[in-house]
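One-letter residues, chain by chain:
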Amino acid sequence: MSRTLIIAEHDGQDLNPSTAKCASCASAIGQEYDIVVMGSAVADIAKQAAAIDGAGAVIAIDAEQLSKPLAVSHAAEVVTMADGYSHILGPSTTYGRDLMPRIAALLGVNQVSDISAVEGPHHFKRPIYAGNAIVDIQAPESVKMVATVRVASWKALESTGSATIEERSAAASASSHTRYVDLQSGGGERPDLQIANRVISGGRALASKDNFDLIYSLADLIGAGAGASRAAVDAGYCPNDMQVGQTGKIIAPDLYIAFGISGAIQHITGIKDAGTIVAVNKDADAPIFEVADIGLAADLFSVIPEMKQLLA
Amino acid sequence: MKILVGIKRVVDYNVRIRVRSDGSGIDTDGVKMSINPFDEIALEEALRIREAGLAEEVIVVSLGGNECQQQLRTGLAMGADRAIQIDTDADLQPLTIARAFFKIVEKEQPGLVLMGKQAIDGDNSQTGQMLAALWDRPQATFASGLSLSGNTATVVREVDAGLETIEVDLPAVVSVDLRLNEPRFVKLPDIMKAKRKPLDVISMDDLGVTAENDLKVSHYAPPPKREKGIMVEDAAQLVAELRNRGLV
Ligand SMILES: Cc1cc2nc3c(=O)[nH]c(=O)nc-3n(C[C@H](O)[C@H](O)[C@H](O)COP(=O)(O)OP(=O)(O)OC[C@H]3O[C@@H](n4cnc5c(N)ncnc54)[C@H](O)[C@@H]3O)c2cc1C
Ligand SMILES: Nc1ncnc2c1ncn2[C@@H]1O[C@H](COP(=O)(O)O)[C@@H](O)[C@H]1O
């Protein structure tokens, strides 16, 4: 029974990169792993999952009741297949954070949130207090291990494999008490923050929605994703899915550039794993400079246009 | 309808926490403690629902030692009608906390349970979902919008892809995000009034909930430090530096 099950995440079209990151964590745990893809018309997505290196089998469950990412129905389904597995992993994305605790409680076990490193099959590291402490966690070996994988800490496994795909119908019954209405996506065509190699972020200093065009235009120039501080999102300068930090997205791009962001711990926790952090802030004492690899104490409203000229 | 609100006592979000040098835990001596910021938002939402005439009673619940009565009193001062302390000195994990909440839910029969989307100490983000599972009821996590109509709640959820709207039948568990509302300030007379509001204490043992199969935390460490960076003088130097490092 020492096998790991990974819950795949997708948007109905494409597999989310978080799945290959969970696979990376699963291989560090050192057991064989399978991937379950739940949804409707998931054949293509199942193929993408089957390509992830080292996947044992991909279980594709096609059912109307699973067509939307609702935790109630997805959790009920996963529980029906839990028997064959010692470990069940999902991503630390909002999908996984919503779903995995429901699975854990239905199975009557505790959950490890945000695995950032694996020390052994039941020994993990995870951040707490907005990343200000890293703890070693030992999970009991006598019960199933349910966990979320901190996606920013793991590199996606390559996709050169071809696991077998097993198609199944849903085993759990549909529940009518929870109904999906719709999704309004805030982002445009820019790369997803959680996969982008480069991210350009703006803070409260941008001072208006219009000024955020500065951030977008610089991001587009270098093919970067666009992020923001909570203050900028709260003020309505940009959509909520751009928020980076403890309560937004935890990201790990190669390059992160923060314009007019002070560097509150809740923001820093979201970028700690970035390769290079650049900060532009007109206050030379701003705390963001303590974590920046490259700092520039200057006015963003002159720096961004200059950078655009130099990079064009 | 009754609304139950989970309130956790945590290190204030402004405090820079320190890991004890022997790795045994976090130094919380003399540190400012507050209501978990998300829980304050959960309570504010509950109060607004009651003020809109859609609920009769708001009950704040906290699991912890006697010191968490301070946060419950703050909750009462904000406007909750009564408080329940589940008395325990143990450092409990979300499953056990959810089981304890479920006992209170069975007794009080609330139409809605509001919780924070995460406690900012453990950053677990589990308790609400676990309670919903044990209760076999709907969950709506990361709420930034909530409206009630009859037996249904329409919840706008902040998800990675944007704003998702779902509809759930009551009773349900909703966990709240930061943009749901702005909590009110507590006024001095309300603090006085709160002293007379009922605060019941129930011991974990009396609830009949015991922790099992706990995860064990064996070591605490500060996060790895980033190497000290450099300062550049202007945009030209910045771009040159980025080019040098092959980043653009
Ligand atoms: C529970 C909780 C969770 C939170 N979660 C998050 C989170 O996930 N993400 C997050 O970001 N925050 C989060 N916060 C909020 C966080 O504490 C800060 O309030 C927020 O990050 C501040 O945003 P800011 O840096 O844009 O604004 P400010 O702190 O106001 O900083 C603005 C900065 O811009 C600089 N500036 C002003 N004008 C210019 C200019 N022309 N050119 C250059 N620089 C300029 C100023 O010097 C200042 O440093 C959370 C808070 C709480 C309580
Ligand atoms: N000890 C506690 N007392 C009261 N409420 C709690 C407690 N622990 C967790 N909660 C509630 O559960 C939410 C999520 O916590 P967590 O799952 O620990 O991130 C919190 O925001 C609270 O609303």
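Note: the structure precedes this text.
Figured I'd write up the structure that's included with this text. (Residues numbered from 1 in each chain as written. Chains lettered and ligands numbered in written order. Predicted model: local features only at pLDDT ≥ 70, side-chain atom pairs only at ≥ 80, totals over all residues. Heavy atoms only, no water.)

1. Digging into a nonpolar patch on the surface
Stage number 1. Side chains of Val186, Leu188 and Ile191 of chain B sit close together on the surface and give an oily, nonpolar patch of about 250 Å² of accessible area.
Stage number 2. Using a relative accessible area of 37% as the deciding quantity, one classes Ile191 of chain B as partly exposed. (Patch = residues over 30% accessible without salt bridge, like charges linked within 9 Å, V, L, I, M, F, W, Y side chains within 5 Å. Areas by Shrake-Rupley, 256 points an atom, 1.4 Å probe, with all protein chains shown as cover. Salt bridge = Lys/Arg side-chain N within 4 Å of Asp/Glu carboxyl O. Buried < 20%, exposed > 50% of the residue type's maximum accessible area, 1.4 Å probe, protein only.)

2. Quick word on the sheet that holds strand 14 (residues 255-259) of chain A
Stage number 1. Pairing within the open sheet is parallel, and its six strands lie in the order 13(A)-12(A)-14(A)-15(A)-16(A)-15(B). The open sheet has two edge strands, strand 13 (225-228) of chain A together with strand 15 (230-232) of chain B, and neither has a second partner. Sheet twist, expressed as the mean angle between neighbouring strand axes with direction ignored, is 20°.
Stage number 2. Judged from the five bridges that link them, strand 14 of chain A and strand 15 (residues 276-280) of chain A form a sheet pairing that is parallel. In the sheet register, Ile257 of chain A faces strand 15 of chain A, and the bridge partner there is Val278 of chain A. (Pairing = 2+ DSSP bridges. Helix = DSSP H or I, 4+ residues; strand = E, 2+ residues; numbered from the N terminus. Axes fitted to C-alpha atoms, helices over the stretch in contact; angles between N-to-C directions.)

3. Some remarks on unusual backbone geometry
Stage number 1. Following Leu170 of chain B, the chain continues to Pro171 of chain B via a peptide bond in cis, the omega torsion being 0°.
Stage number 2. One non-glycine residue, Asp114 of chain A, lies in the positive phi region at around 60°.
Stage number 3. On the secondary structure map, Asp114 of chain A appears in strand 5 (residues 111-115).

4. Focus: the site of ligand 1
Stage number 1. Close to ligand 1 lie 28 residues, the nearest being Arg204, Ser229, Val244, Thr247 and Ser262 of chain A.
Stage number 2. Among the chains of the assembly, those with residues near ligand 1 are chains A and B.
Stage number 3. Taking Leu300 of chain A, its main chain carries an N or O atom lying 2.9 Å from a nitrogen atom of ligand 1.
Stage number 4. Summarising the interface, the protein chains cover 85% of the accessible area of ligand 1, which totals 980 Å² for the free molecule.
Stage number 5. Listed by contribution, the elements that provide at least two residues to the shell around ligand 1 are helix 6 (230-234), helix 7 (265-268) and helix 8 (300-311) of chain A.
Stage number 6. Looking at side-chain class alone, the shell around ligand 1 contains eleven nonpolar, twelve polar and five charged residues. (Near = heavy atom within 4 Å. Polar contact = N/O pair within 3.5 Å; in protein donor to acceptor, adjacent residues only side chain to side chain. Nonpolar A, V, L, I, M, F, W, Y, C, P; charged D, E, K, R; others polar.)

5. Thoughts on the interface of chain B and chain A
Stage number 1. With 78 residues of chain B at the interface, the matching set in chain A holds 87 residues.
Stage number 2. Counting each side, the surface lost to burial between chain B and chain A is near 7000 Å², with a carbon and sulfur contribution of 53%.
Stage number 3. The interface formed by chain B and chain A contains 45 residue pairs in polar contact (both at pLDDT 80 or more).
Stage number 4. Of all the elements in the fold, those that place two or more residues in the side of chain B that touches chain A are helix 3 (94-108), helix 4 (127-135), strand 9 (139-149), strand 10 (152-159), strand 11 (162-169), strand 14 (216-221), strand 15 and helix 7 (235-244) of chain B.
Stage number 5. Among the elements that take part in the side of chain B that touches chain A, strand 11 of chain B stands out by supplying eight residues, more than any other.
Stage number 6. Relative to strand 11 of chain B, strand 11 (residues 178-184) of chain A runs antiparallel, the two being bridged by six bridges. When the sheet's bridge partners are listed, Tyr180 of chain A is paired in strand 11 of chain B with Ile166 of chain B. (Contact = heavy atoms within 4.5 Å. Buried area = accessible area lost by both parts, 1.4 Å probe.)

6. Looking at the environment of Ala279 of chain A
Residues and elements named next belong to chain A.
Stage number 1. In this structure, Ala279 sits in strand 15.
Stage number 2. Placed eleven residues apart in sequence, Ala279 and Glu290 show a C-alpha to C-alpha distance of 9.7 Å.
Stage number 3. Apart from residues no more than four positions distant in its own chain, Ala279 is found in contact with Ala258, Ile288, Phe289, Ala292, Ile294, Gly295 and Leu296.

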